[in-house]
Amino acid sequence: MPKDRSEKVRVTIDGRSIDAEKGKSILEVARECGIEIPSLCYHPGLESFGACRLCVVEITKPGWEGWKKLVTSCLYPVEEELIIDTRSEEVRENRSVVLDLLLARVPESDVIRQLAAEYGIHDTSYTKREDADTCIMCTICVRVCDAIGANAIATLSRGPDKYVDVPDKDACIGCLACALSCPTNAIPFEEFVNGKRKIWGREFDLVYDEISHEPIGTPEQIDHFAEKSGLPKEYFLKSDKVRKKETAVTFARVQF
Amino acid sequence: MSAALSFKNPEALLAYAEKVKKYRQQRTMEIRVCAGPGCIARGGREIFSAIKATIEKNKKELKKKNLEVGVKFEAKCTGCHGLCEAGPVVTFEPSKLFYSKVKIKDAEEIVEKTVLNDEIIKRLLFKSCDSRGGDLIKKYTDIRFYALQTKVALRNVGVVDPSNLDDFIAEDGFKAFVKALTEMSPDDVIEEIEKSGLRGRGGAGFSTGKKWRSAKRVKQDRVWIICNGDEGDPGAFMDRAIMEGDPYSVIEGLLIGAYALGATDGFIYVRHEYPLAVKHLQMAINTLEKAGLLGKNILGTGMTFNLKISRGGGAFVCGESSALMRSLEGKVGEPRAKYIRSVEKGLLDQPTVLNNVETFTCVPAIIDKGSSWFASIGPKSSTGTKAFSLVGKVKNTGLVEVPMGRTLREIIFDIGGGIIDDRPFKAVQTGGPSGGCLPVDKLDLPVDFDTLSRAGAMMGSGGMIVMDDRTCMVDIADYFIRFLIGESCGKCVPCREGLRQVHELLDRIIRGDGELDDLKKIDRLCHTMEVASLCALGKSAPYPVTSTIKYFRDEYMAHIEEKKCPAGVCKSLVKYDINKDCIGCLICKKQCPVDAISGENKKLHVIDQDKCIVCGICYEVCPVDTVDIISGGEIVNRRELEVVNP
C-alpha cells in the first residue's frame, strides 16, 4: 500500500466522523463515503461550477454557537471541524424549491421529474415555460467542449433568456461529447442516417474501421484528437474493439 | 501654465503647487459652468461656449475693469454641481452667486451685466422650494440643498475643470500622495485607512483598511488594484459624477492604494454607458504618465504603477466583484462562488483589491486630513460621509453628500426640499434594485450601513428613489424584478428561474388575478433566492419584493382581495371616469388617442369604457381636475393630502 501523504482534516457528515483529504470539496468527500448528494451541473472531470444549487448542504462549526449556513457542496472545501448536514429541513426545502423551478423550466424532462418526485413534487407550482426543451442550463456541454479544446459551444444572451448554442457551426467537430454528458439528454443527435451523423444542425461524415467496419467518429474529430494528443492519426482510425483485439494478440505473443 | 509638465521628484511637485496657488491668488473672479450629465442634456456645454465667445469679444472691456482673462478672470467648465433640478447651473467665485436654468441666449447678458457691471440677473436666481415660499436666493451657500451638505468624496466635483491638472493641483491635489510617499510607510497608510473606519462605498460596506491588510498578508509576488466604476443601479450617478468631474482624485486614491499594497498594475473598470467618464479618466491618465505620476519611477522614487481603463460590456452583474474580474480576464462576466475571497485569489487567481470609485476618492482626503478627522464624522460604526443621488418625486433632484447618520427625513425633506407638489411621502427606495423600500415611519432612521440593513433595505452604492402616494408598491416591486431579469447573468437556478417566476406571480397580482396563496409562494421563492443564489445579485434580488410585502402588505392585499390598486396605477384594476363638475372644454376629447371620449362644448363628457385604453392622458390634461381614477369601485385619486413635511 502506498503511504498516503495528503493532509487530512476531520469533518462530520450527517453524524459520521470522516478523515477527509484537504482541498477536496464537501461533495467529493461525501460521495467517496457513499453519502449521496444530488447534483446536476457537477461533472467529476470538470472544475466545479455551482450553478444548479441542488447540491446545497448546511454547515456549522463548534465555535459558531449554533449558527448554520447553506453552502454549495461542490465548491465548498472541507475544513477542520466542519459539521455538515446533507439532509436538514433547510437543505430539503431549498432543494425542493430549486427542483420545482427546474420542473417549471423543463416539464418534459424525465430526469428532473424523477428527481422532483423524490422530493414529493409531482407537478410544478409555478408557471411552465412554453415550448420547453429539456435544457436546464447546467452548461456541462459548454465546459466539456472547452475541455476537449474544440470550444464550439457557448451560452448566449443572459438571465431567463440564456441559451446554449454553437455560434460557429464550423468549430464543431461532431464528437458527441456534449450530447453524451448532458444530464437531461437535451442535445439531440442522429447517427447512421445515410451513413452520416447529425448534431447541432450539421451533418458529419463517419469514418469506419477498415477491419471491423464499425463507425469510429467524424474525420474532424479524429484530426482534432490526433493534433491535441500528438499521437499518430492511425491510432484513432481503429475502433475500440479492434484495438482490444490487437492488444490481446500482443499479450499472447509476449506470454508464449 | 505650461502644458507639458513633468515632475522629477516630490519636491518639484510641491514647489509647482505653490507656484500655481500663488498665481491663482491674483484671480478675482471665476465662472463655473456645470457640465454634469443633467446640465449637458440641457445645453450646459453650449452655454459655456457662448460665455467663452462673449468673453473673447469683451476682452478689452474686461481688462479695463481689471479682469484680465487668464490672470484675474477665468471661465471654466466643471463637473456636476449637484442640484440637477435647477440646471443648467452657472456659479461665480468668490461671490458664490448661483444662476439656475440658464439658457444659451443668457450668455451675453451674464457677461455684460454680471461680470462687467456686478449686476445680478434676477430671473436666473434660484427660487427656494421651502414651504415659506418662493424667495430668490443669491448665493448657493444660502440654498438649504447646499448648506446642509458636507463634501468629502465630491470635494472637487463642480469645482475643478476635470481636464486641467493645474486646477486639481491648486485644490491640494496629490498633496496626500506626496505625504504618503515621503512621510509614511506602506503599512502606515494601511493603518491610517483602517483607523479612519472607512467602509466600502460600493454596497457591502466592508472595511477598506481590513481589505487592504488581508491582501497584503497573502504571500504572492503580485497584487492587483482595481477601481470599480461599473455603477449600474437605476437612478444612481454618484460615481459617474466623480469620474467625469474629478478623475484626478480617483487616480490619486488608486496611487495611494498602490503604494500601500505594492501594486504595480491597476485597472479602472468603467461601465460602457459612461463615455465621458472614460474620456476624462483617459485624459487624466495620459497627462499623469507624461508628468511622471504614473508609469515607471513615479516622482523619481522608483515606484511603478501602470493604470489602464477597462470598459464594461454593459452588464449590471459585472459590478459584482468576481464577475468584474472574469470580465477583465476576457471571459464571460459571470460571478463565481466566493468561498475563496478575491483578496486572496482574484484577478488571474492573484490577490486583488477591488474598491469602489467613491471609496478611492475618500482615501486622499483621509491621508491629507488624518484618520481622526474622518472618524469624527458620522457614527462610530459608519464613519465619514456618503454621496447619494436623490431622485424620484422629490423637489431637489440631484447629487448630495452628507455625513453618515443623518436621517432619511433630513435628506429627503431638508436637502431634497420635500415631495413634488407637496403630495404625501410614501416610500424611499435605497440601495438600488438590491435594496428595499422604506415607509413613512422609517423616515427618522439614521442613514448608515447597519441601520439600513436592519430595516430590510441597504445602503448600496447610494441611490435614493423617493416615491409619493401615486406610486403603486406592487408595481414598483415588479419594476425592479423586471430590471433584474434583464440583468441576471442566468448562471444559477434560484436567480434565473426564481426571478422569472416572481415576476409571473407579481404580474398576476397586478392584473387582478392574484390569490392569497401567491403571496406564500412569493415568500418561499424569495427565501430560496436569498439563501441559495450564487452571488450577491441573486441573494439580494428579492429585497424589493420582501421589503414592500413587509411594509405595504395592505396594498398587496387590496390588489388580491378587493382587486383594487390604491395608488391608481395598475391598468387592469383601474378605470377613468369624468365627474359631474366637468366644464365641457373638449380638451380631453381632443387629446384622447383612441377617441373614447364623447361630449359637446360646455356639456358633460363621457368616457366609453370599452374603447378606453387607460392611458391617463385625460386625467393629465383636464384643467379642472374632473377626471377620476376609479379602482375597486372607489375614487382613488382624491384622498386627503396630509403632508408629512416636518
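Here the structure is a predicted model, which is why all the values come from computation and not from measurement.

What the rule picks out here adds up to 17 aromatic pairs over all chains. Consider the rings of tyrosine 140 of chain B and tyrosine 146 of chain B, whose centres lie 5.7 Å apart with planes at 65°: the pair is edge-to-face. Among the residues examined, tyrosine 140 of chain B registers a relative accessible area of 17% and is labelled buried. Taking the relative accessible area as the measure of exposure, tyrosine 146 of chain B reaches 13% and is therefore buried. Every member of this aromatic cluster is reached through a ring pair, and the members are Phe98, Phe126, Tyr140, Phe145 and Tyr146 of chain B. Directly above the aromatic system of tyrosine 235 of chain A lies the positively charged group of arginine 243 of chain A, at a separation of 4.3 Å from the ring centroid. The ring of phenylalanine 49 of chain A has lysine 491 of chain B lying over it, and the distance from NZ or CZ to the ring centre is 4.1 Å.

Time to look at the confidence of the model for chain B. Predicted coordinates in regions of low pLDDT should not be interpreted in detail. The predicted model of chain B averages 92 in pLDDT, with 97% of residues at 70 or higher. For the stretch residues 640-646 of chain B, pLDDT sits under 50, and the model shows 12 contacts to residues farther than four places along the chain or on other chains.

Residues and elements named next belong to chain B. Each assigned domain of chain B is listed with its residue range as follows: domain 1 (23-147), domain 2 (185-372), domain 3 (385-468), domain 4 (473-561) and domain 5 (574-635). The distance between the C-alpha centroids of domain 2 and domain 3 comes to 27 Å. Across the interface of domain 2 and domain 3, roughly 1,400 Å² is buried in total on both sides, 61% from carbon and sulfur atoms. When residues of domain 2 are sorted by the area they lose upon contact with domain 3, Arg201, Phe237 and Met238 head the list and together hold 37% of the total. A salt bridge links arginine 199 to aspartate 450, with the nearest nitrogen and oxygen atoms 3.3 Å apart. One can count six residue pairs in polar contact (both at pLDDT 80 or more) joining domain 2 with domain 3. When the residues that make up the side of domain 2 that touches domain 3 are grouped by side-chain class, the tally is six nonpolar, five polar and four charged.

Summed over all chains, the structure comprises eight cavities of 30 Å³ or more. Approximately 110 Å³ is the volume found for the largest cavity. Every residue lining the largest cavity is counted, 15 residues in all, and those nearest its centre are Cys145, Cys172, Ile173, Cys175 and Cys178 of chain A. At the level of secondary structure, the elements contributing two or more residues to the lining of the largest cavity comprise helix 4 (140-148) and helix 5 (177-181) of chain A. Each residue belonging to the lining of the largest cavity can be placed in one class, and the counts come to 14 nonpolar, one polar and no charged. Taken as a whole, the second largest cavity encloses approximately 100 Å³ of empty space. Lining of the second largest cavity is provided by 15 residues; of these, Cys592, Ile597, Cys612, Cys615 and Cys618 of chain B occupy positions nearest its centre. For the lining of the second largest cavity, the residue count by class is 14 nonpolar, one polar and no charged.

Take the domain arrangement of chain A next. All names here are of chain A. For chain A, the assigned domains are domain 1 (8-87) and domain 2 (140-251). Averaged C-alpha coordinates put domain 1 and domain 2 at centres separated by 34 Å. On the side of domain 2, six residues touch domain 1, which itself brings seven residues to the contact. Between domain 1 and domain 2, a total of about 530 Å² is buried, with carbon and sulfur atoms accounting for 69% of that surface. Summed over the three residues of domain 1 that lose the most area to domain 2, namely Leu40, His43 and Leu46, the buried surface amounts to 72% of that side. Counting across the interface, domain 1 meets domain 2 through zero salt bridges. Connecting domain 1 to domain 2 are two residue pairs in polar contact (both at pLDDT 80 or more). In terms of residue class, the side of domain 1 that touches domain 2 is built from five nonpolar, one polar and one charged.

This part is about the interface of chain A and chain B. Taken together, the 32 residues of chain A in the interface contact 30 residues of chain B. For the pair chain A and chain B, the summed buried surface comes to about 2,800 Å²; carbon and sulfur atoms form 55% of the total. At the surface where chain A touches chain B, the tally comes to four salt bridges. One salt bridge in this structure joins glutamate 93 of chain A and arginine 524 of chain B, with 2.7 Å as the shortest N-O distance. Taken together, the connections running from chain A to chain B amount to 16 residue pairs in polar contact (both at pLDDT 80 or more). Among the elements of the structure, strand 4 (69-72) and helix 2 (89-105) of chain A are those that each provide at least two residues to the side of chain A that touches chain B. Looking at the side of chain A that touches chain B, its residues break down into 17 nonpolar, eight polar and seven charged.

Next up on the list: helix 13 (residues 275-291) of chain B. All names here are of chain B. With 17 residues, helix 13 extends 24 Å from end C-alpha to end C-alpha; this agrees with the ideal 24 Å at 1.5 Å per step. Every buried residue of helix 13 is listed here: Leu276, Ala277, Val278, His280, Leu281, Ala284, Ile285, Leu288 and Ala291. Just beyond helix 13, the residue with positive phi is glycine 292, at close to 80°.

The rules behind the values
Residues numbered from 1 in each chain as written. Chains lettered and ligands numbered in written order. Predicted model: local features only at pLDDT ≥ 70, side-chain atom pairs only at ≥ 80, totals over all residues. Heavy atoms only, no water. Phe/Tyr/Trp six-rings, centres within 6.5 Å; stacked < 30°, edge-to-face > 60°. Buried < 20%, exposed > 50% of the residue type's maximum accessible area, 1.4 Å probe, protein only. Lys NZ or Arg CZ within 6 Å of the ring centre and 35° of its normal. pLDDT = per-residue confidence, 0-100. Contact = heavy atoms within 4.5 Å. Domains from an automatic or database assignment. Buried area = accessible area lost by both parts, 1.4 Å probe. Salt bridge = Lys/Arg side-chain N within 4 Å of Asp/Glu carboxyl O. Polar contact = N/O pair within 3.5 Å; in protein donor to acceptor, adjacent residues only side chain to side chain. Nonpolar A, V, L, I, M, F, W, Y, C, P; charged D, E, K, R; others polar. 1 Å grid on protein atoms, 1.4 Å probe; cavity = no way out; pocket = protein on both sides within 12 Å on 5 of 7 lines; lining within 4 Å. Points joined across faces, edges and corners; volume = space filled by probe spheres on them. Helix = DSSP H or I, 4+ residues; strand = E, 2+ residues; numbered from the N terminus. Expected span 1.5 Å × (residues − 1).

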